[in-house]
Structure formats: structure tokens, C-alpha cells
Amino acid sequence: SGHSYTGVHAGSLSGTITGDTSVELAFGTNYYLDLNGYLDGAYSGDIRGYGMVDIYINGTLRESGGGDFYMTFPYGTTYEINNIQTVPGHRYIGVYSGSLSGTITENTIVELKFGTTSEVTFDPNGGDVSKDNKTVICGEMYGSMPTPTRANYSFDGWYTERNGGIMVIELSVVTETTDHTLYAH
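Below is a summary of the structure that appears in this document. Computed from a predicted model, the values in this text were never measured in an experiment. (Residues numbered from 1 in each chain as written. Predicted model: local features only at pLDDT ≥ 70, side-chain atom pairs only at ≥ 80, totals over all residues. Heavy atoms only, no water.)

1. Quick notes on the overall build of the protein
Then, in step 1: Broken down by element type, the protein carries zero helices and 14 strands.
Then, in step 2: Start at the N end of the protein and walk to the C end: the helices and strands fall as β-β-β-β-β-β-β-β-β-β-β-β-β-β.
Then, in step 3: Expressed as a percentage of the 185 residues in the protein, the buried residues total 34%.
Then, in step 4: A fraction of 53% describes how many contacts in the protein between residues 6 or more apart in sequence connect residues 24 or more apart.
Then, in step 5: Surface exposure of the protein reaches about 10,800 Å², of which carbon and sulfur atoms provide 47%. (Helix = DSSP H or I, 4+ residues; strand = E, 2+ residues; numbered from the N terminus. Buried < 20%, exposed > 50% of the residue type's maximum accessible area, 1.4 Å probe, protein only. Contact = heavy atoms within 4.5 Å. Areas by Shrake-Rupley, 256 points an atom, 1.4 Å probe, with all protein chains shown as cover.)

Right, dumping it as C-alpha cells:
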């Protein structure tokens, strides 16, 4: 298991045996290439539903539009993962671990990171705001947020409810997978 026949090292697989005859078979070690994903912060062995990729082996397209890939190859096989596409509502974030291309010299796992996108609306709650919406990714931080203005008020922060709610800052991690609103307090 884990080895493949690569040819005859010495001797022949056919002919007449006369006296002591030996045949040495050559076997090489196979290693796997495994494509996985981190989808909205959770591990998955299959990226379908979030995105798809093309996988090239030794320069030849092996899998087009794939999302679940696990296959063994001999030592020294080259691979390249490209044409990364996402389905609507999702975004490719980057490589979580491994590399998009390389040479297989051991078991190789490539993990791509995808997230569900949603639109956050910034409701100035009676004030004014320069930018009133932003696309965010579930499992990632909100990042920069606008600062609203309102005469005779000071801005305390963005909250999940018009009155009360939970404060959300730039370092807060998005947990919503659907469009949502943050309210100025």
C-alpha cells in the first residue's frame, strides 16, 4: 500500500528460466494530494457550495471546476491549483495552509479559506454617515467602520440594536451570515 510499480530494475518479466534467475521490480512511493477548505471558520473536506477550482497535475488539467479532490501521485509530481471561483454570496479569502502549487514529496494537504459574505448597513440613528454599507465576511473581523456625526451628540459606537444591543468594534468577528444593520449610539 502506498507504492506503485514503476518498472523492472534488473532482469526481465518474460523469457526462459535457465539456472538461477532473478528479477528485481522497482516500486515508488505514492503520496496524496488532498484539497480541503475552511468554510466560515469550520473545517471541511469539500469546498463545493462555496467555490470550485481547476487542478493541474504535471501541467495537464486533471480536475476542472472541482471542489472535492483526493488522489495519490508518485514522488516528484507537480501540481497547481488555479481558477478559483466562488459561488454567489461567498468569497475566497486565501490559502489557510499549504500552497497553490508545488512538487509532491510527501502527503500534501492544501486548505483554502472561504467565507459567507453579507452586507452590513450602518444606520446613523438620526445622524449622518459618509458610507452607509459594507460587505463583510462571516468569521472575519468587521474592519474599518465609518464614524457618524450628529449635532449635539457624541458617538459611543456601533450596536446590534437601535436601543441597547451589543457593541460591535472593528476587531469584532462577524457572526452573521445574512445582511444586517448596526446602529449608531
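2. Here we look at the sheet that holds strand E4 (residues 51-57)
Then, in step 1: Taken together, four strands build an open sheet; the order of strands is E5-E4-E7-E9 and the sheet is antiparallel. Two strands lie at the open edges of the sheet, namely strand E5 (60-66) and strand E9 (101-103), each paired on one side alone. Strand-to-strand twist of the sheet, defined as the mean angle between neighbouring strand axes without regard to direction, takes the value 15°.
Then, in step 2: Here six bridges tie E4 to strand E7 (residues 78-86), and the two strands are oriented antiparallel to one another. Opposite Asp54, over in E7, you have Asn82 as the bridge partner. (Pairing = 2+ DSSP bridges. Axes fitted to C-alpha atoms, helices over the stretch in contact; angles between N-to-C directions.)

3. Here's the deal with the pattern of salt bridges
Then, in step 1: Scanning the model with the defined rule gives four salt bridges in all.
Then, in step 2: In this structure, Glu140 engages Lys113 in a salt bridge whose closest nitrogen and oxygen atoms are separated by 3.2 Å. Highlighted residues: Glu140 in the loop between strand E11 (133-137) and strand E12 (158-159) and Lys113 in strand E10 (residues 108-123), separated in sequence by 27 residues.
Then, in step 3: Classification of Glu140 as partly exposed rests on a relative accessible area of 24%.
Then, in step 4: Asp123 is the partner of Arg162 in a salt bridge, and the nearest nitrogen-oxygen pair spans 2.9 Å. (Salt bridge = Lys/Arg side-chain N within 4 Å of Asp/Glu carboxyl O.)

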